[in-house]
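Topology and contacts: notes
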2 protein chains.
Amino acid sequence: MTPEPAVTDVIHAGGEHLPVLLDEVEQRLIALSGDAGPVLTAHASSTIAAGGKRLRPLLVLLAAGDPPLDSAPLVRAAAAVELVHSATLVHDDVLDVAALRRGQPTVFATAGRGAALCTGDLLFARAFSELARNGRPDQIEVLSLAGSALAQGELLQRADAWNTAVTLERYLERCDLKTARLFGGACVLGALQTGGPHDELGEFGARIGLAFQLLDDVLDVSGPAERTGKHRGTDLLDGTVTLPFILAREHDAELAGLDPRTIDSPQAAEEICDRIAATGALEEARARALAMVDEAKAGLPAGLADQQHFALEVVANGVVARYS
Amino acid sequence: MTPEPAVTDVIHAGGEHLPVLLDEVEQRLIALSGDAGPVLTAHASSTIAAGGKRLRPLLVLLAAGDPPLDSAPLVRAAAAVELVHSATLVHDDVLDVAALRRGQPTVFATAGRGAALCTGDLLFARAFSELARNGRPDQIEVLSLAGSALAQGELLQRADAWNTAVTLERYLERCDLKTARLFGGACVLGALQTGGPHDELGEFGARIGLAFQLLDDVLDVSGPAERTGKHRGTDLLDGTVTLPFILAREHDAELAGLDPRTIDSPQAAEEICDRIAATGALEEARARALAMVDEAKAGLPAGLADQQHFALEVVANGVVARYS
């Protein structure tokens with residue numbers, strides 16, 4: 001995987017130990033997705049090999065601060081978080097009938113619904129067996145609560161599908177459950193491992209997770225398609241009503257009355273995206289996300305070492321930079 | 001839920017504490033399936049309320065032997081095992097496009113694939129948060145390995161679907177993964193909680209789990225439909241090739257050449273069942289299962305208290321009695 005520029009910045013800011021630890025996490029992920037019988041191993045390994053930003057493992061490591069003498073427990077926590085995230089993606093692809101993820105064919109597309117469902121379950125179970133080896137029930141509790149939240153967030157998204165009147169509060173609750181909790185959990189796990197201020201770092205992670213989701217939803221409307229690898233407006237085509245639409249409908253009565261089921265082509269979806277953009281909703285949504293990132297940074301606990309504090313700020317800025 | 005006669009026998013044999021603990025498990029399951037937002041709570045609760053034999057929690061309690069002064073950790077372990085089992089059933093119903101389970105409409109049938117997938121994920125995550133409260137990483141390890149095995153077993157079943165040449169070894173491996181491991185894990189968890197001989201009791205559980213699966217597969221062919229709540233031969237209609245067919249094909253060349261995709265009605269499936277039965281395969285399969293149960297009982301460790309030993313024998317016999 002080629003890290004995105006923002007991740008490279010964080011690695012530079014975070015200290016020389018970071019690339020070493022991230023590589024150890026990668027090795028653990030490869031080991032954990034292997035050895036599950038020939039069929040599941042192929043699916044689990046391709047899921048893990050497809051990569052992604054490894055942003056959640058990075059948060060685990062950064063929240064831990066100075067690397068402990070024995071890095072293994074920290075690496076296990078980081079790998080476990082990524083496994084839970086990967087499990088969710090594989091299940092999401094089943095629900096979204098998605099053919100591609102990160103430019104690669106999904107397990108769902110190559111092997112069908114059954115294989116994808118089982119692969120997700122396997123990755124989920126392995127996350128807990130990996131984390132269990134740390135001997136820390138408090139860590140298991142954090143990961144399983146985040147896992148419950150993910151399931152609830154995914155369901156909320158299904159329940160609210162096609163509902164153009166969904167409230168802002170409900171949208172934010174969904175983002176909290178399906179994205180922010182695991183970001184927060186990643187930071188809590190890192191901090192727990194080294195005895196850091198886990199409550200405050202968890203709050204930091206949750207805030208940048210929420211900003212991350214908001215900006216991801218903006219990107220679906222703003223494009224460009226070359227960045228996202230998909231047409232603009234795919235969320236609406238799938239019935240997922242997000243912040244840009246929620247803000248735009250206040251300014252455009254015709255948008256408010258839209259039935260997204262009538263959007264019958266990628267071109268029609270792009271036209272709706274242009275309409276949403278014309279209301280200024282994208283700038284408003286971005287401003288909300290940036291405010292959250294500012295809040296996250298301002299809320300960083302005072303006692304952190306300079307390098308850790310700086311690296312966490314860089315990762316927070318990186319969430320924004322991805323979308324600028 | 002009305003316990004089946006065999007379960008009642010076990011409760012009598014196991015001591016006065018058993019009904020009390022089983023009731024505590026039931027209360028925990030109700031609490032754990034609640035409180036997950038209005039939609040998921042409804043699905044998770046209906047899944048748990050639909051009941052079932054609670055055979056796996058019973059094994060946790062029996063393997064623990066004399067009840068510990070503080071029953072809460074044991075009850076949590078028992079509830080966690082049942083949650084993992086329930087999560088798997090909800091996901092299986094998605095894959096099987098199943099309308100009914102235990103005579104109740106499935107989550108899949110009432111709320112769709114998305115809700116069922118999320119409900120399963122939620123129950124799975126909650127299993128680990130419940131068990132984490134015991135503060136025993138060794139227990140988490142046992143449950144997550146069983147969870148991995150379930151996913152692998154389910155996938156193996158999909159991979160082998162419609163393959164009438166599947167080997168006996170592969171069939172037994174599938175049964176081990178999808179049934180025996182969680183039975184074994186249940187016994188290990190109970191024994192770990194009270195410091196009992198967990199390896200031997202885990203072996204006992206795995207053996208009766210395997211016998212349980214074999215007899216379940218016999219029942220699908222033998223009926224009667226009033227017992228199973230479904231037509232005979234539904235496994236074959238779904239493409240699941242099990243022990244009775246594997247044994248029967250050795251005696252009946254025409255059966256061996258059967259393409260199960262050509263079975264186009266429940267009546268046709270019943271005719272195939274009659275053919276399988278005519279070869280003597282059902283008796284042979286039952287005999288194999290009974291031998292496993294005998295082996296399970298013979299392998300019970302010598303140092304168990306008389307009452308625990310007796311209760312475990314009763315539960316092993318109960319597995320057989322269900323199918324006699």
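Residues numbered from 1 in each chain as written. Chains lettered and ligands numbered in written order. Predicted model: local features only at pLDDT ≥ 70, side-chain atom pairs only at ≥ 80, totals over all residues. Heavy atoms only, no water.

Across the boundary between the two partners, chain A contributes 33 residues, which contact 33 residues of chain B. Of the roughly 3,000 Å² buried where chain A meets chain B, counting both sides, 77% is carbon and sulfur surface. Of all residues in chain A, A:Arg113, A:Leu117 and A:Leu155 give up the largest surface area on contact with chain B, accounting jointly for 18% of the area buried on that side. Taken together, the links from chain A to chain B amount to 0 salt bridges. Here chain A is connected to chain B by 4 residue pairs in polar contact (both at pLDDT 80 or more). Sorting the residues of the side of chain A that touches chain B by element identifies helix 3 (38-49), helix 5 (72-96), helix 7 (113-132) and helix 8 (137-159) of chain A as the ones contributing at least two each. Here the side of chain A that touches chain B gets 13 residues from one element, more than from any other, and that element is helix 7 of chain A. By residue class, the composition of the side of chain A that touches chain B is 17 nonpolar, 9 polar and 7 charged. (Contact = heavy atoms within 4.5 Å. Buried area = accessible area lost by both parts, 1.4 Å probe. Salt bridge = Lys/Arg side-chain N within 4 Å of Asp/Glu carboxyl O. Polar contact = N/O pair within 3.5 Å; in protein donor to acceptor, adjacent residues only side chain to side chain. Helix = DSSP H or I, 4+ residues; strand = E, 2+ residues; numbered from the N terminus. Nonpolar A, V, L, I, M, F, W, Y, C, P; charged D, E, K, R; others polar.)

This part covers the relation of the copies chain A and chain B. Superposing chain A onto chain B takes a rotation of 180° plus a shift of 0.0 Å along the axis, which leaves an RMSD of 0.0 Å. The symmetry that links the two subunits is that of a two-fold axis. Across chain A, the rotation axis passes nearest the C-alpha of A:Pro137, at a separation of 3.3 Å. Most of the interface of chain A is mirrored in chain B: 100% of its interface residues are interface residues there too. (Least-squares fit on C-alpha atoms with pLDDT ≥ 70 in both.)

Next up on the list: empty space enclosed by the protein. The final tally for this structure, using the stated rule, is 8 cavities of 30 Å³ or more. Of the pockets and cavities examined, the largest cavity occupies roughly 120 Å³. Around the largest cavity sit 17 residues that line it, and A:Ala87, A:Thr88, A:His91, A:Ala151 and B:Asp121 are the ones nearest its centre. Mapped onto the lining of the largest cavity, the elements with two or more residues apiece are helix 5, helix 7 and helix 8 of chain A together with helix 7 (113-132) of chain B. Per-element tally for the lining of the largest cavity: the top contributor is helix 5 of chain A, with 6 residues. Considered class by class, the residues forming the lining of the largest cavity number 9 nonpolar, 4 polar and 4 charged. Within this model, the second largest cavity holds a volume of roughly 110 Å³. At the level of secondary structure, the elements contributing two or more residues to the lining of the second largest cavity comprise helix 7 of chain A together with helix 5 (72-96), helix 7 and helix 8 (137-159) of chain B. Sort the elements by how many residues they give to the lining of the second largest cavity and helix 5 of chain B lands first, with 5 residues. Residue composition of the lining of the second largest cavity, grouped by class: 7 nonpolar, 4 polar and 3 charged. (1 Å grid on protein atoms, 1.4 Å probe; cavity = no way out; pocket = protein on both sides within 12 Å on 5 of 7 lines; lining within 4 Å. Points joined across faces, edges and corners; volume = space filled by probe spheres on them.)

You will see that A:Trp162, though not glycine, has its phi angle at about 70°, which is positive. Although it is not a glycine, B:Arg54 adopts a positive phi angle of roughly 55°. Within the secondary structure layout, B:Arg54 lies in the loop between helix 3 (38-49) and helix 4 (55-64). Residue classification places B:Arg54 among the buried positions, given a relative accessible area of 3%. (Buried < 20%, exposed > 50% of the residue type's maximum accessible area, 1.4 Å probe, protein only.)

Residues and elements named next belong to chain A. Under the 1.5 Å per step criterion, the end-to-end length of helix 5 is 36 Å for 25 residues, consistent within 8% with the ideal 36 Å. Most of helix 5 is tucked away, with 23 of its 25 residues classed as buried. Looking one or two residues past helix 5, valine 97 carries a phi angle of roughly 50°, positive in sign. (Expected span 1.5 Å × (residues − 1).)

Inspection of the entire model under this criterion finds 36 salt bridges over all chains. Its salt-bridge partner being B:Arg232, residue B:Asp274 comes within 3.0 Å of it at the nearest N-O pair. Taken together, the positions of B:Asp274 in helix 15 (residues 266-278) and B:Arg232 in the loop between helix 11 (225-228) and helix 12 (234-237) put the pair 42 residues apart, joining distant regions of the chain. Classification of B:Asp274 as partly exposed rests on a relative accessible area of 41%. For B:Arg232, a relative accessible area of 15% translates into the label buried. A salt bridge links B:Arg261 to B:Asp259; its shortest N-O distance comes to 4.0 Å. The exposure class assigned to B:Asp259 is partly exposed, which follows from its relative accessible area of 35%. Here the salt bridges share partners, and the residues they tie into one network are A:Glu26, A:Arg54 and A:Glu82.

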